[in-house]
Amino acid sequence: MAQPQIPATTDAAQVLLNTIRRPVIMVDPDGLISFANADAEDFFRSSAAMLARNTLSKLIPFGSPLLTLIDQVRERRAPVNEYRVDVSSPRLGIEKMVDLYVAPVPEFPGSVVVMFQERSMADKIDRQMTHRGAARSVTGLAAMLAHEIKNPLSGIRGAAQLLEQSASDEDRALTRLITDETDRIVALVDRMEVFSDERPIDRYPVNIHVVLDHVKAIARNGFANRIKIFEDYDPSLPPVYANRDQLIQVFLNLVKNAAEAVGSDPLGEIALSTAFRPGIRMSVPGTQDRVSLPLEFCVRDNGSGVSEDILPILFDPFITTKPNGSGLGLALVAKIVGEHGGIVECETTPRGTTFRVLMPAWKELPAGFDEGNEGIAV
């Protein structure tokens, strides 16, 4: 059966695709590369004319997941994203790790478009483990602080209170300063102790919209009482497999972050959204498995955005731009989301910031199945 001929690309379309700083190719039903933009020529180290003479299977490593993804897209007729796919080969380079976006081309049945996003060496570590590692970097410190600092602080506070009883008015101000500062340090240590909690999470099916409505109610009656909060929910979402209280903590931190980004701007807005993204999957460290993360929850604000120098370390502990911030809120978000088997990402522009949380959906387990070994939480 003759395949439909792809018309010659217009100059305008060629220029437009060449301005996209990502390798983009179109693969026809026979596996031939029918189009490649300038970045794709650099990526595959061949001209578009040479690429058109080869099937994609000859240009990428044997058994690459990309070929399977293309087959899935053709079968489902729906786009798929996949993170952290290794395409290393002598032709493409020894160290080639990419994110993939594969989508069908309705105008040409059987053809698909593939966009590659190369990852840096630092990004080769699984996103989930990177964020969890950032949060866990204070685990040992938190345990040490709880034991080695809180007890002496209690003695210092008690001594200051005793001195206050016989101190002059001038000296009493100093003793109160001592007690206030010890209380502040104890409160900080208490917050850090959360990171040293390694107990298994009690998870069950949770309605994310109930969680977000609860968070919204807290925000509207407190720190965000003058900010407009909008919702864009997908009512057909399945439950998320999670702990309700910990999800509240995650989104309360994200909404509070958004409220602080908006500040006192009378036009400030926060948007909460939920969506189903069936194409997004995540590798499970230590195995060849890939876990589906179809549930996408976003918190958006129209503030001034996050500075570029902070963005790569945004989820690290003690990173903050707030005068009185401790820098533990987003680290805790990363820890909780990571322990649920999900990932959290941040996208920012001068017109606002979006925090995107991707998590696994709940599915009923077979009778007698050991939930502790089901492999979603890593």
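These numbers come from a predicted model, not from an experiment. Sequence positions are assigned chain by chain, starting from 1 and proceeding in written order. Predicted model: local features are reported for residues with pLDDT of at least 70 only, side-chain atom pairs are reported and counted for 80 or more only, and whole-chain, interface and lining totals are derived from all residues. Side-chain metrics in this entry use all non-hydrogen atoms of the structure; hydrogen atoms and water are not considered.

1. Digging into the side chain of S46
Note the threshold: In this text, helices come from DSSP runs of H or I with a minimum length of four residues, and strands from runs of E with a minimum of two, each type numbered from the N-terminal end. Each residue gets one of three labels from its accessible area relative to the maximum for its type: buried under 20%, exposed over 50%, partly exposed in between, using a 1.4 Å probe on protein chains only. Any two residues whose heavy atoms approach within 4.5 Å are treated as being in contact.
Here S46 is to be found in the loop between α2 (38-44) and α3 (48-51). S46 gets classed as buried once you look at its relative accessible area, which sits at 14%. When residues no more than four places from it in sequence are discounted, the contact partners of S46 are E41, L51 and R91.

2. A few points about the packing of aromatic side chains
Aromatic rings considered in pairs are described by the distance between their centres and by the relative angle of their planes. The criterion, for reference: Ring pairs are drawn from Phe, Tyr and Trp, using the six-membered ring of Trp, whenever the two centres fall within 6.5 Å, and their geometry is named by plane angle: stacked under 30 degrees, edge-to-face over 60, tilted for the rest.
Throughout the structure, instances matching the rule amount to 4 aromatic pairs. Judged by centre distance (5.1 Å) and plane angle (80°), the rings of F43 and F44 are edge-to-face. Here F43 and F44 have matching classes, each one buried. The rings of F43, F44 and F116 are connected pair by pair, giving a single aromatic cluster.

3. Concerning the sheet that holds strand β7 (residues 228-232)
Rules: DSSP bridges decide pairing: two strands pair if at least two such bridges lie between them. Working convention: axes come from line fits to C-alpha atoms, limited for helices to the stretch in contact. Angles between N-to-C directions cover 0 to 180 degrees.
Here 5 strands make up an open sheet; going across it, the order is β7-β9-β12-β14-β13 and the pairing mixed. Each edge of the open sheet carries a strand with a single partner, namely β7 and β13 (343-349). Across the sheet, the axes of successive neighbouring strands diverge by a mean angle of 15°, strand direction being ignored. Pairing between strand β12 (residues 295-301) and strand β14 (residues 352-359): 7 bridges, direction antiparallel. The residue bridging F297 from the neighbouring strand is V357, located in β14.

4. Some words on the sheet that holds strand β3 (residues 80-86)
Strand-to-strand pairing in sheets goes through backbone hydrogen bonds, with the strands running parallel or antiparallel. Read from one edge to the other, the open sheet built from 5 strands follows the order β2-β1-β5-β4-β3, with strand pairing classed as antiparallel. Each of the sheet's edge strands pairs with one partner strand only, and the pair in question is β2 (33-36) and β3. Here the average twist between neighbouring strands, direction ignored, is 25°. In the sheet, strand β1 (residues 24-27) pairs with β2 via 3 bridges, with the strands oriented antiparallel. For I25, the partnering residue across the bridge sits in β2 and is A36.

5. Concerning the confidence of the model for the protein
What counts, and what does not: Residue-level confidence of the predictor is what pLDDT reports, using numbers from 0 through 100.
Overall, the prediction assigns the protein a mean pLDDT of 77, with 72% of residues at 70 or greater. Below a pLDDT of 50 lies the segment residues 124-130, which in the model reaches 23 contacts outside its immediate sequence neighbourhood of four places, other chains included. For the stretch residues 365-378, pLDDT sits under 50, and the model shows 22 contacts to residues farther than four places along the chain or on other chains.

6. Digging into the environment of F43
Residue position: F43 is located in helix α2. Here the alpha-carbon distance between F43 and R22, two residues 21 residues apart in the chain, equals 9.1 Å. Ignoring any residue separated from it by four or fewer positions in sequence, one finds F43 in contact with P23, V87, L92, K96, V98, F116 and E118.

7. Here we look at unusual backbone geometry
Of note, the phi angle at R45 is positive, near 60°, even though the residue is not glycine. With respect to the secondary-structure elements, R45 resides in the loop between α2 and α3.

8. Observations concerning the packing of helix α10 (residues 244-262) against helix α11 (residues 329-339)
Packed helix pairs are characterised by how far apart their axes lie and by the angle those axes make with each other. This is how the line gets drawn: If you view the pair so one helix is near and one far, a crossing is left-handed when the near helix is turned anticlockwise from the far one by less than a right angle, and right-handed when it is turned clockwise. For this scheme, ten residues count as nonpolar: Ala, Val, Leu, Ile, Met, Phe, Trp, Tyr, Cys and Pro. Four count as charged, namely Asp, Glu, Lys and Arg, and the remainder, Gly too, count as polar.
Contact pair α10 / α11: the axes reach a minimum separation of 9 Å and the direction vectors enclose 145°. For the element pair α10 and α11, the recorded crossing hand is left-handed. Taking contact as the criterion, the partners of Q246, Q249, V250, N253, L254 and N257 in α10 are, on α11, G329, L330, L332, V333, I336 and V337. Of the residues in the contact of α10 with α11, the class split is 7 nonpolar, 5 polar and no charged.

9. Some points on the pattern of salt bridges
A side chain with one charge can pair with a side chain of the opposite charge if their charged atoms come near. This is how the line gets drawn: Salt bridge, as used here, is a side-chain nitrogen of Lys or Arg placed within 4 Å of a carboxyl oxygen of Asp or Glu.
Counting across every chain of the model gives 10 salt bridges. R157 is the salt-bridge partner of D183, the closest N and O atoms lying 2.6 Å from each other. Remark: R157 occurs in helix α7 (residues 150-166) and D183 occurs in helix α8 (residues 169-192); sequence separation between them is 26 residues. The class for D183 is partly exposed, based on a relative accessible area of 33%. The closest approach of N and O atoms between K216 and E231, which form a salt bridge, is 2.7 Å. Note that K216 is positioned in helix α9 (residues 208-220) and E231 in strand β7, a separation of 15 residues in sequence. K216 sits in the buried class, given a relative accessible area of 13%.

10. Description of the nonpolar core
Condition: Only buried Ala, Val, Leu, Ile, Met, Phe, Trp, Tyr and Cys residues count toward a nonpolar core, and they belong to the same one when joined by side-chain atoms within 4.5 Å.
Counting residues in hydrophobic clusters, the biggest one holds 41 residues, and the most contacted among them are I208, V240, L247, F251, L254, I270 and F297. Among the elements of the structure, α9, β8 (240-242), α10, β9 (269-276), β12, α11, β13 and β14 are those that each provide at least two residues to this core. Sorting elements by how many residues they give to this core places α10 first, with 9 residues. Once you skip the residues sitting within four places of it in the chain, I270 turns out to touch I227, K228, I229, F230, V255, A258, A259, V299 and R300. Membership of the second largest hydrophobic core comes to 25 residues, among which are V85, V87, L92 and L100.

11. Observations regarding the environment of M359
Inspection of the secondary structure puts M359 in strand β14. It is 6.6 Å that separates the C-alpha atoms of M359 and P294, two residues lying 65 residues apart in sequence. Every residue in contact with M359, bar those within four places of it in the chain, is listed here: V240, A242, L247, L293, P294, L295, F297, H340 and G342.

12. Concerning the packing of α9 against α10
The test is simple: These descriptions rest on fixed angle ranges, namely under 35 degrees for roughly parallel, over 145 for roughly antiparallel, 65 to 115 for roughly perpendicular, and the rest for oblique.
Closest axis-to-axis distance for the α9/α10 pair is 9 Å, and the angle between their directions is 50°. With respect to α10, the element α9 is oriented oblique. In this structure, α9 crosses over α10, and the sense of that crossing is right-handed. The residues of α10 that touch α9, namely those facing I208, V211, L212, H214, V215, I218 and A219, are R244, L247, I248, F251, L252 and V255. The residue makeup of the contact of α9 with α10, split by class, is 11 nonpolar, 1 polar and 1 charged.

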